[in-house]
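The residues making up each chain are set out below.
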Amino acid sequence: MSTSDFHTTPLRSHYDVVIVGGATSGSSIAWYLSINPDFKGSVLVVERDPSLQFSATKASNNCIRQQFATAINVQIAQYAADFVKHFGAEFPPDECVPNPPIRNFGYLYLSNSSKFTEVLKVDQTLQASCGAGTQMLSMSDIKAKYPFFYTDDIDSGSLNLVDEGAFNAFGMVQWLRCAARDNGVEYIRNEVIGVSLDGSKVRSIKLQSGGQITVGTLVNAAGTRAAMVSRLAGIDLPIEARRRYTYIFSIDEPLPQDLPLTIDPTGVHLRSYGAKDYLVGCPPIGPDTAVDVNDFSFAEDAWGEKILPVITRRVPQFASARVTNSWIGHYEFNTFDHNAIVGPHNEISNLLFCVGFSGHGSQQAPACGRGVAELIIYGKFQTLDLSVLSYKRIMQNRPLMERAVI
Ligand SMILES: Cc1cc2nc3c(=O)[nH]c(=O)nc-3n(C[C@H](O)[C@H](O)[C@H](O)COP(=O)(O)OP(=O)(O)OC[C@H]3O[C@@H](n4cnc5c(N)ncnc54)[C@H](O)[C@@H]3O)c2cc1C
């Protein structure tokens, strides 16, 4: 992604819409605004680092699933699958996700207890009622379908092979950003460091470079820094950065078939990456707590101490695993209920949020970006009703708990 053509100084002193953050969420909102014939306004996207190097977006494991515990998240994922199938051929290529745009190897949740099996059954019923293809598998079903797994400790699993697996998430962001710019959205390399209110309205933002811009609507799409941006307007958001490890590894003899995104009962998750290598990720070994947004250090040996013992037990063929790449990423974790916050602040009506995706924001960007654009243009959702994700639920202390967080 070339970033040399991002200027720092905006062309105007006023914009109808200013979006803070130009990664997945911000670019989806910008693109949906730019293609809507009912919207004639000006849009500025302020992105502190157009390389997106340290964004959650860049760290994404590029997975898409309908196996959620809340109906709205199943619907959002279905919207994403349609979006990717429609536009995916236009995304810049990714060697790990060749055509078709979704690698449908599915997610396989493994349960090692009757208690968790009951949870999977409840979720499967909900997902099926929303039209998802999730099926419960017995231990012997799993063994028959994926003979390479060690299953002696497994009680059951759930699997969906329809529109679930991996997609070209970073290609999607590049495409959205490029298309939004082609349609007249202005992107600048700058940082929003101040927000001024006029009564119950946002009046202007202050840029790192020194300028002041008046705004019609301000959208917070600042990812892992969403709470910091919100604080500029005096508002607390229950969002913090949480460290996540990702490793890519190869083995001597690749498996004879694609490995679904398998969620081991330990929380370690692994899947096919390219044609012959694999991706594995996990939360920290110790407590999963907030980290500094600038801290991308490998604080512990997650590969040696946590991942390797798990993957070699689950797939004995992985005994020859060799790491070929690794990275740390930050989830923009919503501590309130692990779900996105989408829509206006309850008092400051021209301040909108598109934040807090808690590890599933790549696939939620198409639906949520469209939803925010609809709020700006029409004052209400038109395509998918996302009102259960509103900020109001936080003020009213009504969590919409998403337990299917990986
Ligand atoms: C390791 C890992 C694996 C993941 N895997 C998946 C997956 O498989 N599937 C999935 O759906 N999701 C996944 N996610 C989650 C997904 O990547 C995120 O939810 C999504 O990318 C969030 O996008 P965003 O645009 O909202 O936020 P970010 O990507 O964090 O972008 C926010 C942007 O705002 C900019 N910004 C912040 N503050 C300011 C400011 N003051 N001024 C200007 N710019 C600012 C930042 O520079 C940044 O570019 C994963 C995340 C991680 C970390």
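Reading guide: rules and limits
- Residues numbered from 1 in each chain as written.
- Predicted model: local features only at pLDDT ≥ 70, side-chain atom pairs only at ≥ 80, totals over all residues.
- Heavy atoms only, no water.
- UniProt positions renumbered as here; feature names shortened; annotations may be inferred.
- Helix = DSSP H or I, 4+ residues; strand = E, 2+ residues; numbered from the N terminus.
- Rg over C-alpha atoms; globule rule 2.2 N^0.38 Å.
- Buried < 20%, exposed > 50% of the residue type's maximum accessible area, 1.4 Å probe, protein only.
- Contact = heavy atoms within 4.5 Å.
- Lys, Arg positive; Asp, Glu negative; His and termini not counted.
- Charge placed at Lys NZ, Arg CZ, Asp CG, Glu CD.
- Phe/Tyr/Trp six-rings, centres within 6.5 Å; stacked < 30°, edge-to-face > 60°.
- Lys NZ or Arg CZ within 6 Å of the ring centre and 35° of its normal.

Looking at an unreviewed UniProt entry, one finds the protein named FAD-dependent oxidoreductase domain-containing protein 1, with Aspergillus ruber as its source organism. On record in UniProt, under Function (unreviewed entry), the comment for the protein is "Required for the assembly of the mitochondrial membrane respiratory chain NADH dehydrogenase (Complex I). Involved in mid-late stages of complex I assembly."

Moving on, we come to the overall build of the protein. A tally of regular secondary structure across the protein gives ten helices and 19 strands. A compact globule built from 406 residues would reach a C-alpha radius of gyration of about 22 Å, and the protein, at 21 Å, matches this within 12%. Dimensions along the principal axes, computed over C-alpha positions, put the protein at roughly 65 × 40 × 40 Å. Residue burial in the protein is summarised as follows: out of 406 residues, 58% are buried. Of all intrachain contacts in the protein linking residues separated by at least 6 positions in sequence, the fraction that spans at least 24 positions is 76%. Positive and negative side-chain charges in the protein, numbering 34 and 40 respectively, have mean positions lying 3 Å apart.

As a further point, take the environment of Phe-170. As for its placement among the helices and strands, Phe-170 is situated in helix 6 (residues 169-182). Overall, Phe-170 belongs to the buried group, its relative accessible area being 16%. Taking the C-alpha atoms as reference, Phe-170 lies 8.3 Å from Ser-362; in sequence the two are 192 residues apart.

For the coordinates displayed, the defined rule picks out 22 aromatic pairs. An angle of 70 degrees between the planes, with centres 6.3 Å apart, marks the rings of Phe-6 and Tyr-187 as edge-to-face. Within this pair, whereas Phe-6 is found in the segment before strand 1 (14-20), its partner Tyr-187 is found in strand 9 (residues 186-189), the two being separated by 181 residues in sequence. One exposure class covers both Phe-6 and Tyr-187, and it is buried. Between Trp-31 and Phe-83, the ring centres sit 5.9 Å apart and the planes meet at 85 degrees, which makes this aromatic pair edge-to-face. Here Trp-31, found in helix 1 (residues 24-35), pairs with Phe-83, found in helix 3 (residues 71-87); they are 52 residues apart in sequence, far enough to count as distant. Judged by its relative accessible area of 5%, Phe-83 falls in the buried class. Three or more aromatic residues link up through ring pairs in this structure, and these residues are Tyr-245, Tyr-247, Phe-249, Tyr-278, Phe-298, Trp-303 and Phe-318. Positioned above the aromatic ring of Tyr-331, the side-chain terminus of Arg-244 is 4.4 Å from the ring centre.

With respect to the secondary-structure elements, Gly-281 resides in strand 16 (residues 277-282). Its relative accessible area of 0% is what places Gly-281 among the buried residues. Considering only alpha carbons, one finds Gly-281 and Ser-320, 39 residues apart in sequence, at a separation of 18 Å.

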